[in-house]
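Coordinate inspection notes
If you want the building blocks of each chain, they are given just below.
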Amino acid sequence: MSTLKKNDWFDKFCVYIILAGIIAVIAGFGISRIFNAWGLSSIVPMGIGGGVIIGFNIFMAVKYKWFSTEASKRKALVGTNVAVMSIIAAGIFAITGFLNVRHYHRFDLTLTGKYTLSQKTKNILKHLDKPIVITTLFNPSEMFYEQITDILKEYAYHSDNIKLDHVDSLRNRTKVEELAKRLKIDGLQLNTVVFECGEQSKHVPQNEVMERQYPFKFKGEEAFTAAILNVTQEKQSAIYFVTGHGERSFEDYDRAGISGIANALKRDNCRIAPLDILTRKKIPDDCDVLVVAGPTKAYLTEELNSIREYLEKRGKLLLLLEPAATPNTPTGFKTLLAEYGIMAHDDVVVYSKVNMPLFGIQTVAEIYIGNDEYAAEHPITKDLKGFNTIFFGACSVDATPPNDQMPYQATVLMHAPERSWGERDVENLRSKKPENNSDIDLQGPVSLGVASQVKELPKAVTQSHPEYANDPKAKPQGARLVVFGDVDFATNEYIENPGNSDLFRNSINWLGKKETQLGISAKPPDFRKATISPAQMKVIFWVSIAGIPVIPIIVGSFVWWRRRR
C-alpha cells in the first residue's frame, strides 16, 4: 500500500519537479544577462535545474522501461530527437548571440542620419587611449532621455574605452549619493550627463544638450565630444585674441561680435583670453594659437616684431583680414606674411552670378564657397565637402609660388566661385557698381584663404631613410599660419552656418596640431514640415468629412435594396 502511494506521489509531482528545473535554468540565464556577467547567482540555479531535469528524466526512463518495447522505443526515439533538436536550436541561438556580441554593428536608418556621429567625434574616439565612464542621471520619463541614451550608445559602439552607466536619479538616490561622494562634490544636478576619466570629471547639464526654443535643436554630440576632450586632455589649449586695433571681440554678443565661436572653442576645451601686445610687450609663453580677428588699424612695428618673434619660436597665428577702406590704411601684416609665402591684396572680392528677380544678374560681396572651391588635400578643408561657407566683404589672399630659398610653403585653402574677381577700385566701390576691368582688377580664380607651414623633408631623404617619414622628431618643426581674407564668416551673424563654424575650428585645431579633432559638427535634427495647398486642403476636407461617412451609407442602401427584391 505504501509503495503505491509513493508511486502515486512520484507520478503526480515528477512533471512539476522537471518544470521547476526548467524554470531554474531559465532564471539563472536571465540573471546572468541582467548583471552582464556569470556568477554564483546564475551558475547555481542553472546547475541545480539542469541536474534535476537530466536526473529525473533518466530515473523515469529506467522506472517505466521506456526502451522495453518497440512502441516505447519509438516514443523514446521521438522524444530524444526532439530533445537533441532543441539542444541544437539552443546552441545555434547561443552561437548567434556570441557572434552578435563579437561582431556587433549598429545601423542608422533615419533619413538625415540623426544618430550617425560626425567624423570629428569618430576621430577622437578612435585615438582615445583612456577609459571614460559616462553616467546619465536622467529620469526615463524626461523628454529627451531616449535621444541622449541612443547617441551615447553610438559613442560606446565606436570605442571600447567608453563605459555607459544609466542611473534613474529619482528612484536610485543611493547610487546618486555614491557618485557624488566619488566625485567629491556636495550634490549632483539631476538630468545631467557626467563624464569621468581618472580624477577628472565634466558635467553636461540638459540645457547644454538641447535648445528649448522652437524649433528644437539637439546639440548632444557637440556637448558630449567637448566633455570627452575636457576629461582626457591634461592641458587646455590657450587661445589669445589680440585687442587694441579694432579687432572683433569675443565678449561682444551682437551680430558683429565673435562670442559664438569663442563659446564653441571653450566647449572644445580651449582657454580664451584677450591680449594687448603693446601692454604685454610680448606674446605669452603659454599661447598655443594667436588670433587676430579683423584689425582696422595699423599695427606698430614693435607689435609686429613681437608677433614675428613668437612665430620664430614655433608660434601659431590665425589672421582674419578685412578689405581696407582705402589703400592707404594698411594693417602692416603684408611684409610679415611675405616671409611665410603669403600675399594679401588691397581689394574686395565680388561675385557676379546672382540672378535677382526684376534686376537680372547682380554683383554681390557675399561669397558662397561649396564643394568645388575647397582644397581637398588640406586637413582644414578636406572634410568640408557638402557644406557651404559664407564670406562677406572679403579681400583676396594668395600663396606665393614655391621657392627653394624659402623654408615655408603656403597652400591655398579655398577659392571664390567662378565669375568672381578682386575689385581694386576700393575708394569708389560704394558709389558705383563694380565692373571687372581685366587691366586693373585681380582675375579669377581668386584665393580667399591660405595655410603656411615649414616644408617637409625632401623625398630624397625619406626614400633613403624611410624611418624618418614616420618620425615626428625627424620632421622639421616651425611656425604655422592660417590667413583668411574675411572676418565676417566668424561673427555671430554668420557662424550658425555649419561650414563657417567648422572652418574656424578646424583652423584652430590644425594650428594647434590637433589634427585628430578635425571634422564636421553634429547635424541638425530631422525636422520635416508638410506644406498643403488650399486645393489639397479642400480635397482632404471632402474625403474625410463627406466621403468616408457616405461610403457605408451607399453600401448599406445597396444591400437593403437588394434584400427588398
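Just above sits the structure.
Presented here is a report on the structure given in the accompanying data block. Counting restarts for each chain: residues are numbered from 1 in the order of the written sequence. For this predicted model, a pLDDT threshold of at least 70 governs which residues receive local features, and a threshold of 80 or more governs which side-chain atom pairs are given and counted, while totals over whole chains, interfaces and linings are taken from all residues. Only hydrogens and water are set aside; all other atoms, that is, all heavy atoms of the structure, feed into the side-chain values.

Before going further, it helps to examine the overall build of the chain. Scanning the chain from terminus to terminus reveals 15 helices and 20 strands. Out of the 565 residues in the chain, the part that is buried amounts to 39%. Here the Shrake-Rupley method, with its probe set to 1.4 Å, supplies the accessible areas, and only the displayed protein chains count as covering residues. Carbon and sulfur atoms make up 58% of the accessible area of the chain, which amounts to about 33,300 Å² in all. Under the DSSP-based scheme used, a helix requires at least four consecutive residues in state H or I and a strand at least two consecutive residues in state E, with every element numbered from the N terminus. Buried residues are those whose accessible area, probed at 1.4 Å on protein chains only, stays under 20% of the maximum for their type, while exposed residues exceed 50% and partly exposed ones sit between those limits.

Right, let's get into the pairing of strand β20 (residues 480–484). Here β20 lies mainly inside the structure; five of its five residues are buried. Residues Arg480, Val482 and Phe484 line one face of β20 and the alternating positions Leu481 and Val483 line the opposite face, and both faces are buried. DSSP calls a pair of strands paired once it identifies at least 2 bridges connecting them. The sheet contact formed by strand β10 (residues 316–320) and β20 spans five bridges and is parallel. Paired with Leu319 across the bridge in β20 is Val483.

The seven strands lie next to each other as β8-β7-β9-β10-β20-β19-β17, forming an open sheet whose pairing is mixed. The sheet terminates laterally at β8 (270–275) and β17 (408–415), the two strands that pair on one side only. Strand-to-strand twist in this sheet, taken as the mean axis angle between neighbours without regard to direction, amounts to 15°. With four bridges joining them, strand β9 (residues 289–293) and β10 adopt parallel strand pairing. Interaxial angle, 0 to 180 degrees, is taken between N-to-C directions of lines fitted to C-alpha atoms, where a helix line uses only the stretch in contact.

Helix span, as expected, comes to 1.5 Å for every residue beyond the first. Here helix α14 (residues 498–511) contains 14 residues, and its C-alpha end-to-end distance of 20 Å stays within 8% of the 20 Å for a straight helix at 1.5 Å per residue. Counting buried residues along α14, 13 of its 14 residues qualify, which places the element largely inside the surrounding structure. Looking one or two places after α14, you find Lys513, whose phi comes out positive at around 60°.

Our focus in this paragraph is the pattern of salt bridges. Salt bridge criterion: a side-chain nitrogen from Lys or Arg within 4 Å of a carboxyl oxygen from Asp or Glu. For the coordinates displayed, the defined rule picks out twelve salt bridges. Of the charged contacts in the structure, one is a salt bridge between Arg271 and Asp286, with a shortest N-O distance of 2.7 Å. Taken together, the residues Arg271 in strand β8 and Asp286 in the loop between α10 (277–280) and β9 connect sequence positions 15 residues apart. A residue is classified by how much of its surface remains accessible, and Arg271, at 33% relative accessible area, is partly exposed. Under the relative-accessibility criterion, Asp286 is labelled partly exposed at 32%. Asp346 serves as the salt-bridge partner of Lys334, at 2.9 Å between the closest nitrogen and oxygen. One end of the pair, Lys334, is in helix α12 (residues 334–338); the other, Asp346, is in the loop between β11 (342–344) and β12 (348–356), with twelve residues separating them in the sequence. Relative accessible area serves as the criterion here: at 31%, Asp346 is assigned to the partly exposed category.

Another aspect to go through is the packing of helix α4 (residues 119–126) against helix α8 (residues 220–232). Axis angle and axis distance: for two packed helices, these are the angle between their axes and the distance between the axes, and together they describe the pair. Put simply, α4 and α8 touch, their axes get as near as 11 Å, and they point 25° apart. The angle between α4 and α8 falls in the class roughly parallel. In the crossing of α4 with α8, the sense of the turn from one axis to the other is left-handed. Contacts between α4 and α8 involve Thr121, Ile124 and Leu125 from the first element and Glu221, Thr225, Ile228 and Leu229 from the second. Among the residues making up the contact of α4 with α8, the classes are represented as four nonpolar, two polar and one charged. Any angle between 65 and 115 degrees counts as roughly perpendicular, while under 35 counts as roughly parallel, over 145 as roughly antiparallel, and the rest as oblique. Helix crossings fall into two classes, left-handed where the near helix is turned counterclockwise from the far one by less than a right angle and right-handed where it is turned clockwise. We call two residues contacting when some pair of their heavy atoms lies within 4.5 Å. Basically, the charged four are Asp, Glu, Lys and Arg, the nonpolar ten are Ala, Val, Leu, Ile, Met, Phe, Trp, Tyr, Cys and Pro, and anything else, Gly included, counts as polar.

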